[in-house]
Amino acid sequence: MKQIRLITLAFAAILFGINANAQQKPALGWKDVSKWRFIKPGSSTLSPDGQWMAYATGPVEGDQEVVIRKTGDTTTHRYPCGATANWLAFSDDSKFIAFKVSAKDADVKAAKKTKKTLYDKMLIVNLSNNTKTEFDRVSNFGFSGKLAGWIAIQFAPLETASKEKDAPKGTDLLLYNVSTKKSYNVGNVNGFSFNKAGNLLAYSVDANDHNGNGVYIHNMLTGTTSAIDNDKAVYKSINWNEPGTAFALLKSNKNDSYKDEIYSVIGVNKVQEIVPEVVIYNGLTDKSFPTGYGVSGDRNPYWSDDFSALFFGTRQIEKSDKDSTAASKKVVAAKDSSAKKLAALAKAKKDDIEKPDMIIWNWQDRRLQSQQQVQETSDKAYSYLSEYRVAGNKFIQLADSDMRSAEVAPKQLYAIGIDNAKYELMGNLDGQQYADVYAIELSTGVKKLLFTKYYENNNQGFTLSPNGKLACYYQDGNFYSINLETGEKHDLTQKIKSSFIDDLDDHNVTKPSTNCLGWSADSKYVLIKDNYDLWRIDADGRSVAPLTGNWKNKKLEIRNRFRIYRDEKGVDLKKPQFFSVLDRSTKRNGIGLLEGDKIRLLFLDDYLYGDVIKGINSNVYAYSKESHTQSPEMFVSAATDLSGAKQVTVNTPDQNKYAWSSGVKLFNYVSTAGDTLQAALLLPANYMPGKAYPTITYIYERLTDGLNTYSMPDYSRTGFNPSIYTSNGYAVLMPDIKYKLNDPGMSAVACVVPAVQTAIGTGIVDAKRVAIHGHSWGGYQTSFLITQTNIFKAAAAGAPLTDMISMYSLIYGNAGITNQSI
């Protein structure tokens, strides 16, 4: 076989003889990427009234800016925001927007050398007249919910503040009226949160010597402040209930009997009354509380909807060494203690610290010792979900070292407990995950076994109904419902003449599932998709309604539902619901709208649609739209069917300066195993029909669903970026691979080689200049492929798995795990 040279694709331009100078526009190079300007993913924000869109944009490296654009016309405001684009927040009445401004990129680089502390600023922009108010040294802020008149601004501690572990964390909190510009200061605040209505602000104080430490409620309408609890303690994690009538939080006290701080959970109820109800619990004097445990400081506590219980985490805590403490006190107290004695004591302590640890490996351990070592800190901090029943003064442990996972259902009547203790060891060896599943009655803590050795690999889990009494789950090819009160089960999909086994999933999973898209808001129906269609099914499975009208014949597939309603509880079928749609045969994308009992396809074309959002207080909708050659842009429409949408963003303004891909082609091919598959062929810049081009083949499982995805130039950790290659005159081939269990290498050969041959047959790919690139799993396949075929002239295998035998028991240093389960 002809020798294959394993080279870095950065040198492929020399090898393949690409002449970038012959192109009409310059090719995009790696040095150009740092200056590439684009909208930061996830930054686009629609104002509650839908009249404004704000987003952050800027280069890959360098200073960013915030763009505020009116959706009804071209009015645009721009504000520099430093080297880091931060969260953008509109006031509930849509009159103001606030965001942080970080230090400039040059200042950040200089500060790294001098170790100078840099602070963020914050801007509040009045959208009616584009005037700004600026505050320095801001660490956090928040608008006052529906009240909309106020903003709370917390300032960062000064550089001169003590860095000691026990130093107070409180700083100034400014309550600022955005309309009148009146303000007043609250000192030593270390945490704050408005309720949903915005009329109440809960905050905690952490001051020098713990003077005045406590939790307080400030009434934003009357200006009065009430102390809820005071103690020489630290308070944190304020968590309001949704109606804004109660909240829970944590406080920590030092206790000489323990190495760790002792946390208590505090529940504050009936906050509108002159004297709210306050519940404080830490479990130390409760005989039912597990020995050696305390309330966790790493899990936010919360009230049940009916205020009957507080939910929080528990974790292991260590007792202090009293003998060592007493000895130290005696040494310090002794008037005749000499420096020599103190030095000897210090040396003894040092010798004790430097004693080597013994690590015992046990073949019965469920996790490797290496994994236990890496996860030691997280294991010690791991919190187990627990509850405190207020009326009966009763503690209930919901999760423990065996049943580590417990998910509380809505309405807090039941929880689903997952116990994989008996199966974890084998799961780490063969990758098949099983667990025993329990329904936990939260009022009593009684656990009822629902399933023994439930198969978890499908990652479908248990989808809980809004009323908290039902769950949808998947098992052995079908979806079921189960009543958590009675244990009654119903087969939901048996009447449907369709398969609910994912026909494109070829991982090491038995009968992989399609998806449950959730329960209706009234808990009467479940929305479940097969490989194409979406079904509305009664909770008992008696009635079934197709919402898509046999889309399978059209090869149209419902992909997912866009969640556009804040704080939704289930799918409200009386409100507009939007779904992502894919044409499997053409890879066209679209959006469907559920109207009554049917989903209407609003559009389907050669674009990719996503990020559907809605104005919180309006019927204005926004969505993103992109293609292989068009970067993602946001469009806004005031119509439920998204008609008349206007583009309100300007992304990648530098693209027109460079040579760019001429488009993308999708073609079918047949693998040597006889399977009909698809491949995407990205055309080079300045493509000319009839001319053959050097081609990079990139592989990783199935890739053609991303046919219309824009490839943003960046510094990829894999070293692969399609836009860099196509700009430089390469074609890029991305074929789908179908795997045969336990034969992944030859599966890749059976799919990739015919894909390359078919691509060559199009006349676009130069048969003498084809390379292959893969990373991680793709790296393994790349390494394997070049031992089986001479079709590639060059190859790049990033982080490849090259020997399945040795890789089986290789231990990853950063995780302590092996590849055995893979």
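Structure first, text after, so check above.
Parameters and conventions
Residues numbered from 1 in each chain as written. Predicted model: local features only at pLDDT ≥ 70, side-chain atom pairs only at ≥ 80, totals over all residues. Heavy atoms only, no water. Helix = DSSP H or I, 4+ residues; strand = E, 2+ residues; numbered from the N terminus. Buried < 20%, exposed > 50% of the residue type's maximum accessible area, 1.4 Å probe, protein only. Contact = heavy atoms within 4.5 Å. Lys, Arg positive; Asp, Glu negative; His and termini not counted. Charge placed at Lys NZ, Arg CZ, Asp CG, Glu CD. Phe/Tyr/Trp six-rings, centres within 6.5 Å; stacked < 30°, edge-to-face > 60°. Lys NZ or Arg CZ within 6 Å of the ring centre and 35° of its normal. Axes fitted to C-alpha atoms, helices over the stretch in contact; angles between N-to-C directions. Parallel < 35°, antiparallel > 145°, perpendicular 65-115°, else oblique. Nonpolar A, V, L, I, M, F, W, Y, C, P; charged D, E, K, R; others polar. Pairing = 2+ DSSP bridges. Salt bridge = Lys/Arg side-chain N within 4 Å of Asp/Glu carboxyl O. Core = buried A, V, L, I, M, F, W, Y, C linked by side-chain atoms within 4.5 Å. Polar contact = N/O pair within 3.5 Å; in protein donor to acceptor, adjacent residues only side chain to side chain. Patch = residues over 30% accessible without salt bridge, like charges linked within 9 Å, V, L, I, M, F, W, Y side chains within 5 Å. Areas by Shrake-Rupley, 256 points an atom, 1.4 Å probe, with all protein chains shown as cover.

Caption draft 1: Representation of the overall build of the chain. The secondary structure content of the chain amounts to 12 helices and 52 strands. With respect to the three principal axes, the spread of C-alpha positions in the chain is 95 × 70 × 70 Å. Here the chain, with 822 residues, has 49% of them falling under the buried criterion. Restricting to contacts in the chain with at least 6 residues of sequence separation, those with at least 24 account for 51%. Averaging the coordinates of the 96 positive side-chain charges in the chain and doing the same for the 87 negative ones gives two points 4 Å apart.

Caption draft 2: Just the packing of aromatic side chains, in detail. A complete count under the given rule lists 45 aromatic pairs for this structure. Ring centres of F451 and F462 lie 5.9 Å apart, and the angle between their planes is 45°; this geometry places the pair in the tilted category. With F451 in strand β30 (residues 446-455) and F462 in the loop between β30 and β31 (463-464), this pair connects stretches of sequence that are 11 residues apart. Since its relative accessible area comes to 11%, F462 is described here as buried. With centroids separated by 6.3 Å and ring planes inclined at 70°, the aromatic side chains of Y454 and Y473 adopt a geometry described as edge-to-face. A residue pair is termed long-range when its members are at least 10 positions apart, and Y454 in strand β30 and Y473 in strand β32 (residues 470-475) qualify at 19 residues. Given a relative accessible area of 1%, Y473 falls into the buried group. The ring centre of Y525 lies 4.8 Å from the NZ or CZ of R536, which sits over that ring.

Caption draft 3: Structural context of the packing of helix α10 (residues 744-761) against helix α11 (residues 777-785). One can describe the packing of α10 onto α11 by two numbers: an axis separation of 9 Å at closest approach and a directional angle of 75°. Comparing the axis directions of α10 and α11 gives the class roughly perpendicular. Across the interface between the two elements, P744, G745, M746, A748, V749, V752 and V753 of α10 pack against W777, Y780, Q781, F784 and L785 of α11. Class assignment of the residues belonging to the contact of α10 with α11 gives a composition of 10 nonpolar, 2 polar and no charged.

Caption draft 4: Expanded view of unusual backbone geometry. A positive phi angle, close to 55°, is found at K270, a residue other than glycine. By the element assignment, K270 lies in the loop between β20 (262-269) and β21 (277-281). Look at N742: it is not a glycine, yet its phi comes out positive at around 70°. Note on placement: N742 falls in the loop between β50 (731-735) and α10. Taking the relative accessible area as the measure of exposure, N742 reaches 74% and is therefore exposed.

Caption draft 5: Expanded view of the sheet that holds strand β28 (residues 414-419). Pairing within the open sheet is antiparallel, and its 4 strands lie in the order β27-β28-β29-β30. Looking at the sheet topology across the chains shown, the edges are occupied by β27 (405-408) and β30. The sheet shows a mean angle of 20° between the axes of neighbouring strands, taken without regard to direction. Where β27 meets β28, 4 bridges bridge the pair, whose relative direction is antiparallel. Counted as the bridge partner of V408 is A415 from β28.

Caption draft 6: Highlighting the side chain of N199. By the element assignment, N199 lies in the loop between β14 (183-194) and β15 (200-205). Overall, N199 belongs to the buried group, its relative accessible area being 14%. With residues near it in sequence (within four places) discarded, N199 still touches L147, H218, N219, M220, L221 and Q272.

Caption draft 7: Molecular detail of the pattern of salt bridges. Across all of its chains, the model carries 37 salt bridges by this definition. With a closest N to O distance of 3.6 Å, R559 and E557 form a salt bridge. Judged by relative accessible area, which is 30%, R559 ranks as partly exposed. D567 is the partner of R566 in a salt bridge, and the nearest nitrogen-oxygen pair spans 4.0 Å. On the basis of relative accessible area, D567 is assigned to the partly exposed category, the value being 37%. Each member of the salt-bridge network shares a partner with another, and the members are D503, K529, E557, R559, R584, K587 and D705.

Caption draft 8: View of the sheet that holds β15. On the basis of which strands lie adjacent, the open sheet formed by 7 strands has the order β11-β12-β13-β14-β15-β16-β17 and antiparallel pairing. With one partner strand each, in any of the chains shown, β11 (138-143) and β17 (225-230) form the two edges of the open sheet. Each neighbouring strand pair of the sheet contributes to a mean axis angle of 40°, computed without reference to strand direction. Relative to strand β16 (residues 214-219), β15 runs antiparallel, the two sharing 6 bridges. Residue pairing across strands places L201 opposite H218, the latter belonging to β16.

Caption draft 9: Highlighting α11. For α11, a buried count of 8 out of 9 residues is recorded, marking the element as mostly surrounded by other parts of the structure. Regarding α11, the residues found buried are W777, G778, G779, Y780, Q781, T782, S783 and L785. The inward-facing, buried residues of α11 abut α10, β51 (765-775), β52 (794-798) and α12 (804-808).

Caption draft 10: Highlighting the pairing of β14. Both strand β13 (residues 171-177) and β14 contribute to a ladder of 5 bridges, which runs antiparallel. Each residue of the ladder has a partner; that of L175, found in β14, is Y184. Linking two consecutive strands that pair antiparallel, namely β13 and β14, is a turn of 5 residues; a positive phi of about 65° is found at K181 within it. Here β14 folds back onto β15 in antiparallel fashion, the turn holding 5 residues, of which G198 has a positive phi close to 85°.

Caption draft 11: Layout of the environment of I262. Here I262 lies in strand β20. For I262, a relative accessible area of 6% gives the class buried. When residues no more than four places from it in sequence are discounted, the contact partners of I262 are K251, S252, N253, N255, N282, L284 and I317.

Caption draft 12: Layout of the nonpolar core. Formed by 32 residues in total, the largest nonpolar core has its most connected members in V752, I772, L785 and F792. It is α10 that contributes the most residues to this core, 8 residues altogether. With residues up to four places along the chain from it excluded, the contact list for V752 reads T697, I699, P735, I737, I772, L785 and F792. If you look at the next biggest cluster of nonpolar residues, it comprises 28 residues, including L250, Y293, F311 and V408.

Caption draft 13: The arrangement of the pairing of strand β12 (residues 150-155) in detail. Counting buried residues in β12 gives 6 out of 6 residues, a clear majority hidden from the surface. Of the two faces of β12, both are covered, the one formed by W150, A152 and Q154 as well as the one formed by I151, I153 and F155. Counting the residues in the hairpin turn of β11 and β12 gives 6 residues, including G145, whose phi is positive at 55°. Where β12 lies against β13, 5 bridges are found, and the strand directions are antiparallel. Of the residues in β13, the one forming a bridge with Q154 is L173.

Caption draft 14: A look at the side chain of S296. Inspection of the secondary structure assignment puts S296 in the loop between β22 (293-295) and β23 (302-303). Among the polar contacts listed, one links the side chain of S296 to the backbone nitrogen of D298, at a separation of 3.0 Å.

Caption draft 15: Geometry of the environment of K236. Position of K236 relative to the elements: it lies in strand β18 (residues 234-240). Overall, K236 belongs to the partly exposed group, its relative accessible area being 28%. In the structure, K236 is positioned 44 residues away from F192 in sequence and 8.7 Å away in space, judged by C-alpha atoms. Ignoring sequence-local partners within four residues, the contact set of K236 consists of L249, L250, Y263 and G297. Within the structure, K236 has its side chain in polar contact with the backbone oxygen of G297 (distance 2.7 Å).

Caption draft 16: A look at a nonpolar patch on the surface. Side chains of I359, W361, L368 and I811 sit close together on the surface and give an oily, nonpolar patch of about 370 Å² of accessible area. Relative to the elements of secondary structure, I811 occurs in the segment after α12. A relative accessible area of 39% means that I811 is categorised as partly exposed.

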